[in-house]
Amino acid sequence: MTASATDRETETDSGTVELSVVVPARDEERRLGPTLDALLDHLERTGAPWEIVVVDDGSTDATGDLVAARRNPRIRTVTGEGRGKGHALRLGVAASRGRRVLVTDADLATPVAELARLEQALAEGHAAAVGSRAVPGATLGDRQHRARELLGKAGNRLIRATAVRGIRDTQCGFKLFDGDKARAAFAASRVDGWAIDVEVLRHFQRADWPVAEVPVHWSHRPGSKVRPPDYLRFLRDLARLRRADLLAALLFLVFSAALYSGRVLDPAHRYLTDSLQDQNQWEWFFAVTADNVSHLRNPLFSDLQGFPDGVNLMANTAMPGLSVPLTPLTLLWGPAVTLSLVMTLGLAATAAAWYRLIAKRLTPHRPAAFVGAALAAFAPPFVSHANAHPNFVVLFMIPLIVDRALRLCTGTRVGRDAVILGLMAAYQCFLGEEPLLLAAIGMLLFALGYTAVRPREAAAAVRPLLRGLAIAAAVCLPLLVYPLAWQFSGPQSYDGIDHGTAPGTANSLRALLTFAERSWLAGDAEATKALSLNPTEQNAFYGWPLALLALAITVLLWRRRPLVRALAATVLGAAVLSMGPRIGGVPGPWALLDGLPLFESVIESRVAMICGPVLGMLVALAVAELRGPRRGVRYAGLAAVALALLPLVPAPLRSEPRAEVPAFFTDGTWKSYVRDGETLVPVPLAEPGAAEALHWQTATGLGFRMPGGYFNGPYGDGDRTGVYGVPLRFTASLLQETQFTGIVPVVDTAAREATAQDLAYWRAGALVLAPQHRAGVLRETVDKLLGRPGRRVHGVWVWDLHD
């Protein structure tokens, strides 16, 4: 049954409109008439209240007269200012009153009969339905010029990569929206040009309003208003849409550069004071990997230190995921520059990845996402590791893995997402396996917490998640079979490292609530030293104000945001696990994991690193919630967030001028003392507490081998227990003790014979003593062991074993 004209006019006047059709038009007197006729014919037959809003965007022809000529009260004209399609649509949608809003171009390239397909999508629960020429089922009539088709496809790929995920055709001018959501999205838009479609769809995705892409029929209509300059304007507008995200990424880079300001401008001549010997070690890792790759050798092994047994690089977290592809950079500028760039850019990239995850999954409010991501990446534990451990700083893959795992829970495109997840996990293993293990623990804790608060949703996600994880494992494991076999069964592999029960191996409640040493405003070096293993292993120290803030957020949002409960459970679970196998003399949860494969080498206090990103998410949710309350409440809440986070702002990492490499190495003099197959023996041997000899090696382009070193390997003699460095032979132990005590030992015939055996085992060509603490007693000891004095050569003392 069709309503009478009087009834329809009454319905329109009262505002009860089922469908509003918004048509932007500029100089469309030739094409708009047939479009209005087609729309009227279709809408009259629907029997539902409707209206057509034509936006005359500054036309200079008779476009406006076409509407007036129809004398239909349901067709209204809104006058624009000629500022572009985006501005016209913003005016037209704002003037609409329909429960649903159809936006269509003036040429009606998609027939109005296709509206039924879009209406079906909204009936199924979607907030918007986008007509598409690029999905299966779409049909094309008359085609546009080939060049425009190619530009359109390229543009859509760029849009999917930078702004709107998952929608293949954002620019088809036939879209149906939920009316209220459309008016909200268009009111929030700022673009005046053709990119308005991208901005609005991006708004829908950020708000988590589901969008369906529906195949339609489309035919090119002559008279297009798109001109070549419009493509450039579109790119400009697209860049503006990402302005907030680009600004966030730039600020993260500034933060990272400020943290490393003491070294980032001169990495080759500056040393991070609190890195202990790790900077030397990591530069060596990057240098030796580049050397192996450039000479087509196995990148997972080297005998340049620890000779003759060598070093299992896969078992030492040498980050082949970056050290291998960055080989050209290392060969060109040196490992010090590569390491500096990896740590500076990697930390910024990690923050940007957390920002993307929070903005996508938790809140579209960009400032809130920025604050949360800054805490997630620059939390005190990560600042501590930023001194020396790039594998715990360069974590940009972890948020991507979390996001892909969450996609599996939806049950859509499980196969594709699982394959991508498997590839991501494999790559992360080449960046650092322990961070992946910690991420898995964090995700498991979150899954348990979410199951407790949302059991139905969790139950629905179990099947696709398990299926996806099985596929991901099937993709990941074949890629890792050889590297893992090499790591756990190859040369110089080991079973695990026992870190003992020294303070800092596990956290205490005090460690979790104390301020970090590198806190700009509240640093407490003495307290942190007493509660941690060393400056690079301060794995908690979030401070009591942040703990109180997290508690307040949990209490205030407990009922309204179940997600907050799951995140709070994750923080609490990780904090308790980080306290180790015994808490106050009572067995803790970590006791169930302690000693298991993979877990036996984990320093328990590192589990608290899980808390950083999760606390960032809680803070982001709180900041987003503060947009709504009254001004006084909002300011009080933001002040509480600021007071909790300000003590966590880190001071720049300490650095100092690097010790000069003796001229003996830099001018190539060493070459006349070391023949093929021989080693150069530093006095004393390089070890975890003094690894400057690794820097001498990299300075010479890895020209010589040496015994000893700083790496993880087996204890030896059939004992596969992992140790730092190598077991000390007689000579190495004697020299180390001499330097420690400052006393020249008694050297007898047995000592000389043991030294001769050690030098033969090491295939030593020469011993070298560089200027250092207690160099005099070391020189006297070596003179006695070899039975002759050394010679002063280009800044070092040398004992040539060929004499």
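What counts and what doesn't
- Residues numbered from 1 in each chain as written.
- Predicted model: local features only at pLDDT ≥ 70, side-chain atom pairs only at ≥ 80, totals over all residues.
- Heavy atoms only, no water.
- Helix = DSSP H or I, 4+ residues; strand = E, 2+ residues; numbered from the N terminus.
- Buried < 20%, exposed > 50% of the residue type's maximum accessible area, 1.4 Å probe, protein only.
- Contact = heavy atoms within 4.5 Å.
- Areas by Shrake-Rupley, 256 points an atom, 1.4 Å probe, with all protein chains shown as cover.
- Lys, Arg positive; Asp, Glu negative; His and termini not counted.
- Charge placed at Lys NZ, Arg CZ, Asp CG, Glu CD.
- Phe/Tyr/Trp six-rings, centres within 6.5 Å; stacked < 30°, edge-to-face > 60°.
- Lys NZ or Arg CZ within 6 Å of the ring centre and 35° of its normal.
- Patch = residues over 30% accessible without salt bridge, like charges linked within 9 Å, V, L, I, M, F, W, Y side chains within 5 Å.
- Salt bridge = Lys/Arg side-chain N within 4 Å of Asp/Glu carboxyl O.
- Pairing = 2+ DSSP bridges.
- Axes fitted to C-alpha atoms, helices over the stretch in contact; angles between N-to-C directions.
- pLDDT = per-residue confidence, 0-100.
- Parallel < 35°, antiparallel > 145°, perpendicular 65-115°, else oblique.
- Left-handed = near helix turned anticlockwise from the far one by under 90°.
- Nonpolar A, V, L, I, M, F, W, Y, C, P; charged D, E, K, R; others polar.
- Core = buried A, V, L, I, M, F, W, Y, C linked by side-chain atoms within 4.5 Å.
- Arc of directions from axis to C-beta.

### Details of the overall build of the protein
Within the protein one finds 31 helices and 21 strands. Across its three principal directions, the C-alpha atoms of the protein cover 120 × 60 × 45 Å. Taken across its 803 residues, the protein has 53% of its residues classed as buried. In the protein, the proportion of contacts linking residues at least 24 apart, taken out of those at least 6 apart, comes to 77%. Carbon together with sulfur atoms contributes 60% to the accessible area of the protein, which is approximately 35,000 Å² in total. Positive and negative side-chain charges of the protein, numbering 82 and 74 respectively, have mean locations separated by a distance of 6 Å.

### Here's the deal with the packing of aromatic side chains
All chains considered together, the criterion is met by 19 aromatic pairs. Ring centres of Phe515 and Trp544 lie 6.4 Å apart, and the angle between their planes is 55°; this geometry places the pair in the tilted category. With Phe515 in the loop between α21 (509-513) and α22 (525-531) and Trp544 in helix α23 (residues 544-556), this pair connects stretches of sequence that are 29 residues apart. Ring centres of Phe664 and Tyr673 lie 5.6 Å apart, and the angle between their planes is 50°; on these two criteria the pair is classed as tilted. Comparing Phe664 with Tyr673, the two get one shared label, buried. Lying over the aromatic face of Trp797, Arg779 brings its terminal NZ or CZ to 4.3 Å of the ring centre.

### Considering the environment of Val683
Of note, Val683 is situated in the loop between β16 (679-682) and α28 (692-699). Val683 sits in the buried class, given a relative accessible area of 2%. Sequence separation between Val683 and Ala244 is 439 residues; the distance between their C-alpha atoms is 55 Å. For Val683, the residues in contact, after removing those within four places along its chain, are Leu735, Leu767, Val768, Leu769, Gln772, Leu778 and Val782.

### A short note on unusual backbone geometry
Note that the residue after Phe307, namely Pro308, is joined by a cis bond; omega there is 10°. Secondary-structure assignment places Pro308 in the loop between β11 (301-302) and β12 (311-312). Across the junction of Val683 and Pro684, the peptide omega takes the value -10°, indicating a cis bond. Along the chain, the position of Pro684 falls in the loop between β16 and α28. Residue Gln492 is not a glycine yet carries a positive backbone phi of 65°. With respect to the helices, strands and loops of the structure, Gln492 is situated in the loop between α20 (455-489) and α21. Despite not being glycine, Leu598 shows a phi value in the positive range, around 80°. Position of Leu598 among the secondary structure elements: in the loop between β14 (586-587) and α25 (611-625).

### Quick word on a nonpolar patch on the surface
A contiguous nonpolar surface patch, about 920 Å² in accessible area, is contributed by Leu247, Leu250, Leu251, Leu253, Val254, Phe255, Leu332, Trp333, Leu341 and Leu345. Contributing elements (two or more residues each) for the nonpolar patch: α10 (243-259), α13 (327-333) and α14 (335-361). No other element matches the six residues that α10 contributes to the nonpolar patch. Relative to the assigned elements, Leu253 resides in helix α10.

### Points about the sheet that holds strand β19 (residues 764-769)
One open sheet holds the four strands; their spatial order is β16-β19-β21-β20, and the pairing between them is mixed. Since the sheet does not close on itself, it has two edges, and those belong to β16 and β20 (791-793), each with one partner. With direction set aside, neighbouring strand axes in the sheet form an average angle of 35°. Note that β16 and β19 share four bridges and pair parallel. Across the sheet, the residue bridging to Leu680 is Ala766, located in β19.

### Some thoughts on the confidence of the model for the protein
Residues shown with low pLDDT carry predicted positions that ought not to be read at fine detail. The share of residues in the protein with pLDDT of 70 or more is 92%, and the mean pLDDT across the chain is 90. Here residues 1-14 is modelled with pLDDT under 50, and outside its nearest four sequence neighbours on either side it reaches 14 contacts, counting other chains as well.

### Some remarks on the pattern of salt bridges
Per the stated rule, a full pass over the model turns up 34 salt bridges. Between Arg45 and Asp41 there is a salt bridge, with the nearest N and O atoms lying 3.3 Å from each other. Accessibility expressed as a relative area gives 45% for Asp41, which makes it partly exposed. Between Arg658 and Glu283 there is a salt bridge, with its nearest N and O atoms 2.8 Å apart. Of the two residues, Arg658 sits in the loop between β15 (655-657) and α27 (663-666) while Glu283 sits in helix α11 (residues 278-294), which places them 375 residues apart along the sequence.

### Remarks on the packing of α14 against helix α15 (residues 366-378)
How two helices pack is summed up by the angle between their axes together with the distance between the axes. Packing of α14 against α15 leaves a shortest axis separation of 8 Å and a crossing angle of 135°. With respect to α15, the element α14 is oriented oblique. With respect to the hand of their crossing, α14 and α15 are arranged in right-handed fashion. Residue-level inspection shows Leu347, Thr350, Ala351, Trp354, Tyr355, Ile358 and Ala359 of α14 in contact with α15, the latter providing Arg366, Ala369, Phe370, Gly372, Ala373, Ala376, Ala377 and Phe378. Classifying every residue of the contact of α14 with α15 by side-chain character gives twelve nonpolar, two polar and one charged.

### Some points on the sheet that holds strand β5 (residues 128-132)
One open sheet accounts for seven strands, arranged β3-β2-β1-β4-β7-β5-β8; its pairing is mixed. Unpaired on one side and paired on the other, β3 (75-79) and β8 (211-215) mark the two borders of the sheet. Taking each pair of neighbouring strands and ignoring which way they run, the sheet shows an average axis angle of 20°. Pairing geometry for β5 and strand β7 (residues 174-178), over three bridges, is antiparallel. Bridge assignment links Val130 to a residue of β7, and that residue is Lys175. Along the sheet face, helix α2 (residues 32-44) touches β1 (17-25), β2 (50-56) and β3 and points at about 165° away from the line of β2.

### Quick look at the environment of Glu656
When you line up the elements, Glu656 lands in strand β15. Distance in space between the C-alpha atoms of Glu656 and Ala369 is 35 Å, their sequence separation being 287 residues. Once residues within four sequence positions are removed from consideration, Glu656 is found in contact with His269, Arg270, Tyr271 and Thr273.

### Some words on the nonpolar core
By size, the foremost hydrophobic cluster in this structure holds 133 residues, and its most contacted members are Phe252, Trp284, Leu546, Leu615, Val619, Phe664 and Phe665. With 32 residues, the next largest nonpolar core counts Leu39, Leu122, Val214 and Val216 among its residues.

### Brief notes about the side chain of His42
For His42, the location among the structural elements is in helix α2. Setting aside residues up to four positions removed in sequence, His42 forms contacts with Val112, Ala113 and Leu115.

### Side note on the pairing of β19
Among the six residues of β19, six are classified as buried, and the element is accordingly described as predominantly covered. Judged from the four bridges that link them, β19 and strand β21 (residues 796-800) form a sheet pairing that is antiparallel. Bridge pairing links Leu767 to Trp799 in β21.

### A closer look at helix α3 (residues 63-70)
Buried within α3 we find Thr63, Leu66 and Val67. Down the axis of α3, the buried side of the element spans an arc of 95°, and every buried residue falls inside it. Turned more than 90 degrees away from the buried face of α3 sit Asp65, Ala68 and Ala69, all of them exposed. The inward-facing, buried residues of α3 abut β1, α2, β2 and β3. Directly after α3, the chain includes Arg71, whose backbone phi takes a positive value near 50°.

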